[in-house]
Amino acid sequence: PIDGSYTIISSTAACFGNSWHSLPEDHTPGDNSGCMMLVNASIDPGDFYVDTVKGLCASTTYEFSAWVANVLLVSGCNYNGTDPQLVFNIETAAGVVLGTYSTGLIPETAIPQWKQYGLFFTTPVNTNTVVIRITNNAPGGCGNDLALDDITFRPCGPTISVNANVPSICEGGSVNLNGSISAGYINPQFQWQQSSDNGVTWANISGATALNTSVSSAPAGTKYRLLAAEQGNIGIGYCRIASNPVALTVYAIPKLTLPTTSAVP
């Protein structure tokens, strides 16, 4: 691509008189049909990637990152090439910046070298749309050439786990289920669930909305898990996290049969 242009391509070979690295594949090894964004930056600094992401969870921490490689050879531009310098911005639809990250200068390397850059940010209350903006702050001209691949945009949550105070109970008995959660939510909500089909489907346990709960009259094979989410998000499936499932061994109550007796004279 010429200055100020980009292309989506799966590999490169000897671009610009062999002054660029040849990339036999994108960042993902063995991804034969994969593609990367190959950028010959504009002479004037500015945005080169802008996208709007909708349907997010409010009050939730997300990661945004991308893998970037400087494609100019060390010897390119008579050993005086311009290095890319990217800035990642996450904004609300109204333009309020929620997070920003600068890569600093991305230097030329002897062999192609991919490196991941990114940031974490938290969506405000009642906000489910953000704008992603990647800006190249370096001037174009000779150098300032890069490849970008494998953009990651994903929610982040704490670690959550559960255990039972006893591994087995008798039919009709009760057991305490205890949950633990690491830091990550400001004001977490909880919901215990149970499954009678080995975890294929799950149903909420009515009233079991604390970190610890007690269950009784569990049929054999029942599994339990704990859901957690930031306040207001517990009812949204893609805004919450789930613990490991825990199963209990339930023993049936033995039934006694008395033998036929005869009266003793």
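What you see as residue numbers is a count from 1 along each chain, following the sequence as written. Restriction of local features to residues with pLDDT of at least 70 applies here, the model being predicted, together with a cutoff of 80 or more for giving and counting side-chain atom pairs; totals for whole chains, interfaces and linings are based on all residues. Hydrogens and water molecules were not included; the side-chain quantities draw on all heavy atoms of the structure.

**Q** Mind laying out the state of the cysteines, listing which residues take part and the relevant values?
**A** Two cysteine sulfurs form a disulfide in these notes if their separation is within 2.5 Å. What the rule picks out here adds up to two disulfides. A sulfur-sulfur distance of 1.8 Å marks the disulfide that ties Cys 57 to Cys 239. Residues Cys 57 and Cys 239 are joined by a disulfide whose S-S torsion is about -90 degrees; by sign, that bridge is left-handed. Residue Cys 57 is found in the loop between strand E3 (46-53) and strand E4 (61-70), and its partner Cys 239 is found in the loop between strand E16 (223-230) and strand E17 (240-242); the two are separated by 182 residues along the sequence. As far as burial versus exposure is concerned, Cys 57 and Cys 239 are alike and both buried. The partner cysteine of Cys 77 in its disulfide is Cys 142, sulfur to sulfur 1.9 Å. Disulfide Cys 77-Cys 142: torsion about the S-S bond near -100 degrees, hence left-handed. A residue pair is termed long-range when its members are at least 10 positions apart, and Cys 77 in helix H2 (residues 76-79) and Cys 142 in the loop between strand E8 (130-136) and strand E9 (145-156) qualify at 65 residues. When a residue's accessible area, from a 1.4 Å probe over protein chains only, is under 20% of the maximum for its type it is buried; when over 50% it is exposed; and in between it is partly exposed. On the basis of relative accessible area, Cys 77 is assigned to the buried category, the value being 19%. Judged by relative accessible area, which is 45%, Cys 142 ranks as partly exposed. Assigning the bonded cysteines of the protein chain consecutive numbers by sequence position, one obtains the connectivity 1-4, 2-3. A run of H or I in DSSP counts as a helix once it spans at least four residues, and a run of E counts as a strand once it spans at least two, with each numbered from the N terminus.

**Q** Requested: an account of the nonpolar core, with residues and values cited.
**A** The set of buried Ala, Val, Leu, Ile, Met, Phe, Trp, Tyr and Cys residues whose side-chain atoms join them within 4.5 Å is what this entry labels a nonpolar core. Within the largest apolar cluster, 23 residues are counted, with the highest numbers of intra-cluster contacts made by Phe 48, Phe 64, Leu 86, Phe 88 and Leu 148. Elements that contribute at least two residues to this core include exactly strand E2 (36-40), E3, E4, strand E5 (85-92), strand E7 (115-122), E8 and E9. Considering every element that reaches this core, the biggest residue donor is E4, with four residues. Grouped together as the second largest cluster of nonpolar side chains are 18 residues, Ile 169, Val 175, Ala 208 and Leu 226 included.

**Q** So what's going on with the sheet that holds E4? Which residues, and what values?
**A** Through backbone hydrogen bonds, the strands of a sheet pair up, either in parallel or in antiparallel fashion. Strands qualify as paired when DSSP identifies two bridges or more between them. The antiparallel open sheet is built from five strands, whose spatial order is E1-E2-E9-E4-E7. Of all the strands in the sheet, just strand E1 (5-9) and E7 have a single pairing partner and so form its edges. Each adjacent strand pair in this sheet contributes to an overall mean axis angle of 25 degrees, direction not counted. When E1 meets E2, the two strands line up antiparallel, connected through five bridges. Note that in E2 the partner of Ile 9 across the bridge is Met 36. Whenever a helix is involved, its axis is fitted only over the stretch in contact; in every case the axis is a line through C-alpha atoms, and angles between N-to-C directions fall within 0 to 180 degrees.

**Q** Go over the pairing of E4, please, and point to the residues and values.
**A** On a regular strand, each side chain points to the face opposite its neighbour's, so the side chains alternate between the two faces of the sheet. Of all 10 residues in E4, eight are buried, a share of seventy percent or more. Pairing between E4 and E7: eight bridges, direction antiparallel. Along E7, the bridge assignment pairs Val 68 with Lys 115. In this sheet, E9 lies alongside E4 in antiparallel orientation, the contact comprising nine bridges. Directly across from Trp 67, in E9, lies its bridge partner Asp 149.

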